[in-house]
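Architecture and fold: a report
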Amino acid sequence: MAMNSTLEDGPYDDLIAVMDSRSTTDYIIETTLYIIINLMALFGNILVCWIVYKNPRLQTVTFQYIFALAISDVTMAVFCMPLVWGVLLLGEWRYSQEVCGVHGFAVLFLAFVSLQTIALLAFNRYCRVVKPWLFRKIFTKKFVVLSLLAVVVSAAFFLGLPLVTGWAYFHFHSGKITCVLEFHHQAIDKIYTGILGLVIVVIPFGAITFCYTKVLLKVQKHRQRFQSVDSISAQSSRMSVEEVNITKTLFAMVLGFTICWVPVFVIEFTDSATGNHSLPRRVYLLNVFLVSISSAINPVIYGVLNRTFRLEYYKMCPCCSCFTMQVWGIQREQQKINKPKRVDTST
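Here goes a summary of the coordinates provided. (Residues numbered from 1 in each chain as written. Predicted model: local features only at pLDDT ≥ 70, side-chain atom pairs only at ≥ 80, totals over all residues. Heavy atoms only, no water.)

Counted under the stated rule, the structure contains 17 aromatic pairs. Between phenylalanine 123 and phenylalanine 139, the ring centres sit 5.6 Å apart and the planes meet at 50°, which makes this aromatic pair tilted. Taken together, the residues span a long stretch of sequence, with phenylalanine 123 in helix α4 (residues 97-129) and phenylalanine 139 in the loop between α5 (132-138) and α6 (141-164) at a distance of 16 residues. Judged by its relative accessible area of 28%, phenylalanine 123 falls in the partly exposed class. (Phe/Tyr/Trp six-rings, centres within 6.5 Å; stacked < 30°, edge-to-face > 60°. Helix = DSSP H or I, 4+ residues; strand = E, 2+ residues; numbered from the N terminus. Buried < 20%, exposed > 50% of the residue type's maximum accessible area, 1.4 Å probe, protein only.)

It is worth spelling out the pattern of salt bridges at this point. Inspection of every chain in the model, using the stated rule, returns seven salt bridges. The partner of arginine 281 in a salt bridge is glutamate 30, and the shortest N-O contact between them spans 2.9 Å. Of the two residues, arginine 281 is situated in helix α9 (residues 281-305) and glutamate 30 in helix α2 (residues 24-54); the sequence distance between them amounts to 251 residues. The exposure class of arginine 281 is buried, given its relative accessible area of 7%. Overall, glutamate 30 belongs to the buried group, its relative accessible area being 7%. As a salt-bridge pair, lysine 54 and glutamate 312 come within 3.6 Å of each other at their nearest N and O atoms. Of this pair, lysine 54 sits in helix α2 while glutamate 312 sits in helix α10 (residues 307-316), placing them 258 residues apart in sequence. Overall, the relative accessible area of 37% leaves lysine 54 in the partly exposed class. Taking the relative accessible area as the measure of exposure, glutamate 312 reaches 7% and is therefore buried. Through salt bridges with shared partners, one network takes in Arg22, Glu30 and Arg281. (Salt bridge = Lys/Arg side-chain N within 4 Å of Asp/Glu carboxyl O.)

On the surface, a cluster of nonpolar side chains totalling about 330 Å² of accessible area is made up of Ile36, Met40, Val300 and Val304. Among the elements of the structure, α2 and α9 are those that each provide at least two residues to the nonpolar patch. For valine 300, the position within the fold is in helix α9. (Patch = residues over 30% accessible without salt bridge, like charges linked within 9 Å, V, L, I, M, F, W, Y side chains within 5 Å. Areas by Shrake-Rupley, 256 points an atom, 1.4 Å probe, with all protein chains shown as cover.)

Scanning the model with the defined rule gives one disulfide in all. Residue cysteine 100 pairs covalently with cysteine 179 via a disulfide, S to S 2.1 Å. Handedness of the cysteine 100-cysteine 179 disulfide follows from its S-S torsion of about -125°: it is left-handed. Of this pair, cysteine 100 sits in helix α4 while cysteine 179 sits in strand β2 (residues 178-183), placing them 79 residues apart in sequence. Per residue, the accessibility class of cysteine 100 equals that of cysteine 179, and both read buried. (Disulfide = S-S within 2.5 Å.)

This is the structure:
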């Protein structure tokens, strides 16, 4: 069903013309690449959910947040991404106004939830490494459920407010290939974007930076302390190795988050400030690709840096070659896991 013609007028005409004039090469590359990202996000995060669900070693409050993050990314891959590559494939939006509204709200809602969940994970790691007494006091299963519920409710409130008040509506953006909030008045657009940016960008990103900086400093200090001792126990050695692995994972997650979302925030705020959707189509396209990539990279990070996930991935892909086993050190890690030892699953 074609959307009302009012969705394709005004400042979007130039972007529509650019999309219509794509070369065959651009058409194939854009569509194929986005479909690959969609499939990676879908199957990668489904695999993460399954591994967390079936593995007793991962039944911790930390991995409950990872499970929630994976669920959010699966939802994005199922309900949002297919409509985007559908537009890339067909060259136009062929869905109704109602679908546009649901799609636009879902994209913003899931992005909001994912970013806030990453901030909760940062606070979780801060308490676990820097304030272990606070971690044991705060992070119970009840707290995890309540914190995630608070994220969902706050996302629904902030994103639903301009719709309920009639300040804005969802409009298909032919540059971003998604439906976006379009405000009736530019002044309200700037005020709302500023407040929303403070709530979902500045505060969470500040918290993430603070927490992970403290964690990394604590881990580094811990390593230096043990390196200065000539004789250390095997338990201390194991803890040092575990903290090094935590450092690598945290660094990768922060790097992935930064690479994907900082350019998106810059594009969004610039577009809102100018108010005329005059950025080049490739810039808008970068926006939607980075948002989608952010839903696909976490399973890769887990597989590369987390031994438990790496082993589970290999078990589910028995066709992997011996070369892959040697690169990832699967056989050596399996031998290590089979040795009886105490495992700190709360990390």
